[in-house]
Amino acid sequence: MKLHRVSRPTLALGIAAPVLSLILLIGLPVPLQALAAAAVLVLLPGQAMARLTPVTDLALAALLVVALGLATLTAVSTAMFYLTVWSWQACVVAMGAITIFACLARARQEAAS
């Protein structure tokens, strides 16, 4: 049986998503909560999904992180709105889950190579 190691960035993203989501749900002082919300709702899912692509240019990768994060947040928010189940807590949990699933997909890519 072959053992494959998951890269540190993938592991860090996979751990940061549920930890920051839980911290957001518990509550933080307002300035810290805004930073944590930006991370959980845009940056973490965007970074996790951008790592699934073979982009090597740093500027393009940074743009891709923001674009994928905002697009995913828009899709999740719109779906919740149309299903009339909108809640910011559910949105935080959904974006955290998306980040974890993207990290699992990346871990599979790493194991395959």
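Below you will find a few notes about this structure.

Conventions we followed
- Residues numbered from 1 in each chain as written.
- Predicted model: local features only at pLDDT ≥ 70, side-chain atom pairs only at ≥ 80, totals over all residues.
- Heavy atoms only, no water.
- Helix = DSSP H or I, 4+ residues; strand = E, 2+ residues; numbered from the N terminus.
- Rg over C-alpha atoms; globule rule 2.2 N^0.38 Å.
- Buried < 20%, exposed > 50% of the residue type's maximum accessible area, 1.4 Å probe, protein only.
- Areas by Shrake-Rupley, 256 points an atom, 1.4 Å probe, with all protein chains shown as cover.
- Patch = residues over 30% accessible without salt bridge, like charges linked within 9 Å, V, L, I, M, F, W, Y side chains within 5 Å.
- Salt bridge = Lys/Arg side-chain N within 4 Å of Asp/Glu carboxyl O.
- Core = buried A, V, L, I, M, F, W, Y, C linked by side-chain atoms within 4.5 Å.
- Contact = heavy atoms within 4.5 Å.

### A few points about the overall build of the protein chain
Logical step 1: In terms of helices and strands, the protein chain carries four helices and zero strands.
Logical step 2: Ordering the α and β elements of the protein chain from the N terminus gives α-α-α-α.
Logical step 3: For 113 residues, the compact-globule estimate of 2.2 N^0.38 gives 13 Å, and the C-alpha radius of gyration of the protein chain, at 15 Å, lies within 12% of that figure.
Logical step 4: Each principal axis of the C-alpha distribution contributes one length, and for the protein chain these read about 45 × 30 × 25 Å.
Logical step 5: Going through the 113 residues of the protein chain one by one, you find that 29% of them count as buried.
Logical step 6: In the structure as shown, the protein chain presents an accessible area of about 7200 Å², 75% of it carried by carbon and sulfur atoms.

### Topic: a nonpolar patch on the surface
Logical step 1: On the surface, a nonpolar cluster with roughly 390 Å² of combined accessible area is contributed by Val6, Leu11, Ile15, Val19 and Ile23.
Logical step 2: Topologically, Val19 is positioned in helix H1 (residues 8-26).
Logical step 3: Under the relative-accessibility criterion, Val19 is labelled partly exposed at 43%.

### So, the nonpolar core
Logical step 1: By size, the foremost hydrophobic cluster in this structure holds 18 residues, and its most contacted members are Leu41, Leu73, Cys91 and Met95.
Logical step 2: Contributions of two or more residues to this core are made by H1, helix H2 (30-50), helix H3 (58-82) and helix H4 (88-112).
Logical step 3: For this core, the element with the highest residue contribution is H2, accounting for seven residues.
Logical step 4: Leu41 has contacts with Gly69, Leu73, Cys91, Val92 and Met95, leaving out every residue within four places of it along the chain.

### A closer look at the pattern of salt bridges
Oppositely charged side chains are able to pair whenever their charged atoms sit close together.
Logical step 1: Under the definition given, this model contains two salt bridges.
Logical step 2: Between Arg51 and Glu110 there is a salt bridge, and its shortest N-O distance comes to 3.8 Å. Placement of the pair is Arg51 in the loop between H2 and H3 and Glu110 in helix H4, with a sequence separation of 59 residues.
Logical step 3: When its relative accessible area of 16% is taken as the criterion, Arg51 is described as buried.
Logical step 4: According to the relative accessible area criterion, Glu110 is buried, its value standing at 14%.
Logical step 5: Residues Glu110 and Arg106 are paired through a salt bridge, measuring 3.2 Å at the closest nitrogen-oxygen approach. Here Glu110 pairs with Arg106, and both are found in helix H4, just four residues apart, close to one helical turn.
Logical step 6: Among the ionic contacts, a cluster of salt bridges with common partners joins Arg51, Arg106 and Glu110.

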